[in-house]
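Listed here are the chains, written in short residue letters.
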Amino acid sequence: MPTSHDQRRSRRVRALKPTRIRLKGSHFQVTDISNSGIGIILEDGGPPFAVGERLADIPIPLESGTVNVQGIVSHISVTTAGRTCGIHFIFRGAEYDAVIRFIQERTLNPAAEASP
């Protein structure tokens, strides 16, 4: 069971190569990703996000092309990285496999992330 400070059921990967995704017409730095969601840094002056907001197209950039995933904003928090937004993925089909490939492609040290 997840600890109280990390309610996710899927393990977060934070050791990522510099990665930005485009949402609402702006680019956002990815702070972490798991099999079930993604965290981004919100910048001052950027588009607003609201808890419970549905996002129709979250682009997951892969070496083989971009796959769009749906999601819902699960939290907005203040962390040492700044204001962060957690987005829970809503899978409709093969997008789950694309997220797994994205994690593999963007992880700095895949061997370290694979060990418990």
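These figures come from a predicted structure and were not determined experimentally.

Draft legend 1. Quick look at the nonpolar core. Formed by 24 residues in total, the largest nonpolar core has its most connected members in L23, I33, I40, F49, I58, I87 and F89. Listing elements by their share of this core, those giving two or more residues are β1 (20–23), β2 (26–33), β3 (37–42), β4 (54–62), β5 (65–79), β6 (82–90) and α1 (95–106). Residues contacting F89, with those up to four places away along its chain left out, are I33, S34, N35, S36, G37, I38, I58, I60, V69, Q70, G71 and V99.

Draft legend 2. Spotlight on the sheet that holds β5. The antiparallel open sheet is built from 6 strands, whose spatial order is β1-β2-β3-β6-β5-β4. Each edge of the open sheet carries a strand with a single partner, namely β1 and β4. Adjacent strand axes in the sheet meet at a mean angle of 50° when their direction is disregarded. When β5 meets β6, the two strands line up antiparallel, connected through 9 bridges. If you follow I72 over to β6, its bridge partner there is H88.

Draft legend 3. Quick peek at the pairing of β3. Here β3 lies mainly inside the structure; 6 of its 6 residues are buried. The two faces of β3 match: G37, G39 and I41 on one face and I38, I40 and L42 on the other face are all buried. Pairing between β2 and β3: 3 bridges, direction antiparallel. Bridge pairing in β3 links I33 to I38. Hairpin connection between β2 and β3: a loop of 3 residues separates the two successive antiparallel strands. Two strands pair when backbone bridges link them, and β3 and β6 are joined in this way by 6 bridges, in the antiparallel orientation.

What counts as what
- Residues numbered from 1 in each chain as written.
- Predicted model: local features only at pLDDT ≥ 70, side-chain atom pairs only at ≥ 80, totals over all residues.
- Heavy atoms only, no water.
- Core = buried A, V, L, I, M, F, W, Y, C linked by side-chain atoms within 4.5 Å.
- Buried < 20%, exposed > 50% of the residue type's maximum accessible area, 1.4 Å probe, protein only.
- Helix = DSSP H or I, 4+ residues; strand = E, 2+ residues; numbered from the N terminus.
- Contact = heavy atoms within 4.5 Å.
- Pairing = 2+ DSSP bridges.
- Axes fitted to C-alpha atoms, helices over the stretch in contact; angles between N-to-C directions.

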